[in-house]
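For reference, the chains in residue letters:
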Amino acid sequence: MEIDRFDPTPIYKQVARVIRAKIESGELRPRDPIPSESKMVADYGVARDTARQAVALLRSEGWVITLPQRGTFVAEQPPVSAPESGESAD
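Predicted model only: the values in this text are computed from it and were never measured. (Residues numbered from 1 in each chain as written. Predicted model: local features only at pLDDT ≥ 70, side-chain atom pairs only at ≥ 80, totals over all residues. Heavy atoms only, no water.)

Q: Could you clarify how one ought to interpret unusual backbone geometry in this entry?
A: Glycine aside, residues mostly have negative phi, and peptide bonds are mostly found in the trans state. Phi at R31 takes a positive value of approximately 80°, unusual for a residue other than glycine. Following the sequence through the fold, R31 ends up in the loop between helix 1 (11-25) and helix 2 (37-44). For R31, a relative accessible area of 62% translates into the label exposed. The residue Q69 is not glycine, and still its phi comes out positive at about 70°. You can see Q69 is positioned in the loop between strand 1 (64-67) and strand 2 (71-74). (Helix = DSSP H or I, 4+ residues; strand = E, 2+ residues; numbered from the N terminus. Buried < 20%, exposed > 50% of the residue type's maximum accessible area, 1.4 Å probe, protein only.)

Pasting the structure below:
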């Protein structure tokens, strides 16, 4: 999954979708760290604030937890249903 700059979906939501897909596929498992903001900036060519917004979205949806001074990790229990997994209501 790539970031599509011509897609009307905000870039931070696209980054969150990529990470969410990695969690759903099992590539990222519970307690695994997600990519750092710096890695997202490098991998997806986005601004640091965009990476931060993507992490905040995933955290608000229950996909990840952030531990101060340690990083952000895949949650033990991913949410039962996430709004971005199916049809988007933007």
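Q: Whenever I open this one, the confidence of the model for the chain confuses me. Can you help?
A: Any segment with low pLDDT has predicted coordinates that should not be analysed in fine detail. Residues at a pLDDT of 70 or more form 88% of the chain, whose mean pLDDT is 90. Ranking the helices and strands of the chain by mean pLDDT puts helix 3 (residues 48-61) first, with 98, and helix 2 last, with 95. Within the model, the stretch residues 85-90 combines pLDDT values under 50 with 4 contacts to residues more than four positions away or in other chains. (pLDDT = per-residue confidence, 0-100. Contact = heavy atoms within 4.5 Å.)

Q: I tried to follow the nonpolar core on my own but got confused; where do I start?
A: Generally speaking, nonpolar side chains in soluble globular proteins are found buried as a group. One finds V15, I19, I23, I34, M40 and Y44 to be the most contacted residues of the largest nonpolar core, which totals 19 residues. At the level of elements, helix 1, helix 2 and helix 3 are the ones that each hand at least two residues to this core. Dropping the residues within four chain positions of it, I19 is found in contact with L28, I34, M40 and L58. (Core = buried A, V, L, I, M, F, W, Y, C linked by side-chain atoms within 4.5 Å.)

Q: Would you mind showing me how to read helix 3 here?
A: One turn of an α-helix holds 3.6 residues; hence residues three or four places apart share an orientation. Here helix 3 is 14 residues long and its end C-alpha atoms lie 20 Å apart, about the 20 Å a rise of 1.5 Å per residue gives. If you check which residues of helix 3 are buried, you get T50, A51, A54, V55, L57, L58 and E61. Angular distribution of buried residues about the axis of helix 3 spans 155°; they occupy a single face of the element. At its buried positions, helix 3 is contacted by helix 1, helix 2, strand 1 and strand 2. With its phi angle positive at about 90°, G62 sits one or two positions after the end of helix 3. (Expected span 1.5 Å × (residues − 1). Arc of directions from axis to C-beta.)

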